[in-house]
Amino acid sequence: MDPRHLAPAFLEHVATRGPRVALRHKVDGAWRDVTWTELGENVGAAARALLALGVADGETVGLFAPNRPEWTIADLAIQQVRAVSVPIHTTSTGPQAAWILRDAGVKVLFVGGSEGYEKIRAVRGELPALATIIVFDEPASVSAPDATSWRSFVSRGRGDGGAAQDAELAARLQRASG
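Please read all numbers here as calculations on a predicted model, not as lab measurements.

What counts as what
Residues numbered from 1 in each chain as written. Predicted model: local features only at pLDDT ≥ 70, side-chain atom pairs only at ≥ 80, totals over all residues. Heavy atoms only, no water. Helix = DSSP H or I, 4+ residues; strand = E, 2+ residues; numbered from the N terminus. Rg over C-alpha atoms; globule rule 2.2 N^0.38 Å. Buried < 20%, exposed > 50% of the residue type's maximum accessible area, 1.4 Å probe, protein only. Contact = heavy atoms within 4.5 Å. Areas by Shrake-Rupley, 256 points an atom, 1.4 Å probe, with all protein chains shown as cover. Lys, Arg positive; Asp, Glu negative; His and termini not counted. Charge placed at Lys NZ, Arg CZ, Asp CG, Glu CD. Axes fitted to C-alpha atoms, helices over the stretch in contact; angles between N-to-C directions. Parallel < 35°, antiparallel > 145°, perpendicular 65-115°, else oblique. Left-handed = near helix turned anticlockwise from the far one by under 90°. Nonpolar A, V, L, I, M, F, W, Y, C, P; charged D, E, K, R; others polar. Salt bridge = Lys/Arg side-chain N within 4 Å of Asp/Glu carboxyl O.

Draft legend 1. Structural detail: the overall build of the chain. For the chain, the count of helices and strands is seven helices and seven strands. Starting at the N terminus and walking to the C terminus, you meet the elements of the chain as α-β-β-α-β-α-β-α-β-α-β-β-α-α. At 16 Å, the chain has a C-alpha radius of gyration in line with the 16 Å of a compact globule built from 178 residues. Seen through its principal axes, the chain has C-alpha atoms that stretch 45 × 40 × 30 Å. Burial statistics for the chain: of 178 residues in total, 47% are counted as buried. In the chain, of all internal contacts separated by at least 6 residues, the share reaching a separation of at least 24 is 65%. As displayed, the chain has an accessible area near 8900 Å², and 52% of this comes from carbon and sulfur atoms. Across the chain, 19 positive and 20 negative side-chain charges occur, with their mean positions spaced 2 Å apart.

This is the structure:
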């Protein structure tokens, strides 16, 4: 693939840098390394999960969370399915986030945790297009039928239906390579 688009370039890095460290983050106060292979597997699972949700070519997907590995994984997965990331700064108020989400026509939204989730829940009635909210953290308060945890979301991309999703993902990446 010609890496003119970030999605194929990312896959090239995964293939050539496999066991090397792609990113580091703190878990319980200790640094944890994530290899390119692990990052690629997580991005692939998230991309397949987005396909399972029906995210279409060119569709907008929101990101309303602080900087963290899941944000990067979600953003790269959005690009893998040829959707468009709509990042929203975490200091935005609920009404500010709602305006951006409504204007962009976002149907799927990633939020960091309870604070972001509660901001969106407070303005949920203003967002008729929003179908799914994926919460990176797993607060007990996430019980709405349109909300799911990051762990549950990613597991959808690791489950059954992988062959069809892999074929669709490959076709989209081919189109991205132009």
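Draft legend 2. Highlighting unusual backbone geometry. Phi is positive for aspartate 28, close to 55°, though the residue is something other than glycine. Tracing the chain through its elements places aspartate 28 in the loop between strand S1 (21-27) and strand S2 (30-35). The exposure class assigned to aspartate 28 is exposed, which follows from its relative accessible area of 82%. In this structure, arginine 82 takes a positive phi of about 60° despite not being glycine. In this structure, arginine 82 sits in the loop between helix H3 (69-80) and strand S4 (84-87).

Draft legend 3. Structural view of the packing of helix H2 (residues 36-52) against H3. Running from N to C, H2 and H3 cross one another at 60°; their axes reach a closest spacing of 8 Å. It follows that H2 is oblique to H3 by the angle criterion. Read as a crossing pair, H2 and H3 show a hand that is right-handed. Together, Leu39, Asn42, Val43, Ala46, Ala47 and Leu50 of H2 and Ile73, Leu76, Ala77, Ile78 and Gln80 of H3 make up the contact between the two elements. A per-class count over the contact of H2 with H3 returns nine nonpolar, two polar and no charged.

Draft legend 4. A look at the pattern of salt bridges. Counted by the stated rule, this structure contains twelve salt bridges. Across the pair aspartate 33 and arginine 24 runs a salt bridge whose closest N-O atoms are separated by 2.8 Å. A relative accessible area of 52% places arginine 24 in the exposed class. For arginine 124, the salt bridge goes to aspartate 146, with nearest N and O atoms at 2.7 Å. Of this pair, arginine 124 sits in the loop between helix H5 (114-122) and strand S6 (132-135) while aspartate 146 sits in the loop between S6 and strand S7 (147-149); the two residues are 22 residues apart in sequence, bridging distant segments of the chain.

Geometric values such as these leave the question of function open.
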